[in-house]
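Breakdown of the fold
One letter stands for each residue in the lines below.
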Amino acid sequence: MRIAALASHGGSILQAVIDACQQGDLQAEVVLVISNNSGAEALARAHRCGIPTLHLSSATHADDRALDEAMAAALAESGADWVLLAGYMKKLGPRVLAAYRDRIVNTHPALLPKYGGRGYYGRRVHEAVLAAGERESGASVHLVTDEYDAGPVIAQARVPVRSGDRVEDLENRVKDAERALIVATLQRLADQPALD
Ligand code: GRF
């Protein structure tokens, strides 16, 4: 399995995947990391691990179509057979979606379909879970479509919400579960027989 990862910020989920590949816990290789944010820690993490990186955004391509085409070309060039969205805050364009149909996974820090979709990102997700008085939360891995967080869910991990939890407590608990979940799910996908 050759994975291209897209990330906008810290990249701790990405790091867990890179580490699992390097430690032999995941039979895969991260072959390219793309970010829309040139200052993303995710790019620095990839760079430190010797993984090629690319900044692609409206700053590099003012036109959405040109950006989509540049991303599709970079992904093809990398030889990636799967795309991982690991905290990527932008929508993908139609070319990329078509080229990697059913081969793009996103990880989301809640039990979809709850707390997903537009506006539910980062800490907002955990704030909403706490405000609703939920007793549990978790992480979901789903296939990516052109709607935010709407593709079929293929794996979930549950964690308790504890009384007195602050947003950062819940965020950390979910992220711990999320790191293990994404590695296990990618391994399951890598073990699938090839479709063609
Ligand atoms: C993760 O919680 C993921 O679910 C969400 O963005 C977060 C990324 O975290 N889409 P990090 O940048 O990998 O630490």
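Structural notes, computed from the coordinates. (Residues numbered from 1 in each chain as written. Predicted model: local features only at pLDDT ≥ 70, side-chain atom pairs only at ≥ 80, totals over all residues. Heavy atoms only, no water.)

1. Looking at the site of the ligand
Taken together, Gly10, Gly11, Ser12, Ile13, Gly87, Thr107, His108, Pro109, Lys175 and Glu178 make up all the residues around the ligand. Between an oxygen atom of the ligand and a side-chain N or O atom of Ser12, the distance comes to 2.6 Å. Every element with two or more residues in the shell around the ligand is listed here: α1 (12–22), β5 (104–108) and α6 (167–191). Classifying every residue of the shell around the ligand by side-chain character gives two nonpolar, six polar and two charged. (Near = heavy atom within 4 Å. Polar contact = N/O pair within 3.5 Å; in protein donor to acceptor, adjacent residues only side chain to side chain. Helix = DSSP H or I, 4+ residues; strand = E, 2+ residues; numbered from the N terminus. Nonpolar A, V, L, I, M, F, W, Y, C, P; charged D, E, K, R; others polar.)

2. Here's the deal with α1
For α1, the tally of buried residues reaches nine of 11 residues, placing the bulk of the element in the interior. Taken as a whole, α1 has its buried residues at Ser12, Ile13, Leu14, Gln15, Ala16, Val17, Ile18, Ala20 and Cys21. Those residues of α1 hidden inside the fold are in contact with β1 (2–6), β2 (29–35), α2 (41–48), β4 (82–85), β5 and α6. One or two positions beyond α1, positive phi appears at Gly24, with a value near 80°. (Buried < 20%, exposed > 50% of the residue type's maximum accessible area, 1.4 Å probe, protein only. Contact = heavy atoms within 4.5 Å.)

3. Examining the pairing of β5
By the criterion of burial, β5 is predominantly enclosed, with five of the five residues buried. Taking every second residue as pointing to the same face, both faces of β5 are buried, with Ile104, Asn106 and His108 on one and Val105 and Thr107 on the other. In terms of strand pairing, β4 meets β5 through three bridges, oriented parallel. For Leu85, the partnering residue across the bridge sits in β5 and is Asn106. (Pairing = 2+ DSSP bridges.)

4. Some points on the packing of helix α5 (residues 123–131) against α6
Contact pair α5 / α6: the axes reach a minimum separation of 9 Å and the direction vectors enclose 110°. In this view, α5 runs roughly perpendicular relative to α6, as classed from their interaxial angle. With respect to the hand of their crossing, α5 and α6 are arranged in right-handed fashion. Contact residues: Arg123, His126, Glu127, Val129 and Leu130 in α5; Val167, Glu168, Leu170, Glu171 and Val174 in α6. Taken together, the residues of the contact of α5 with α6 sort by class into five nonpolar, one polar and four charged. (Axes fitted to C-alpha atoms, helices over the stretch in contact; angles between N-to-C directions. Parallel < 35°, antiparallel > 145°, perpendicular 65-115°, else oblique. Left-handed = near helix turned anticlockwise from the far one by under 90°.)

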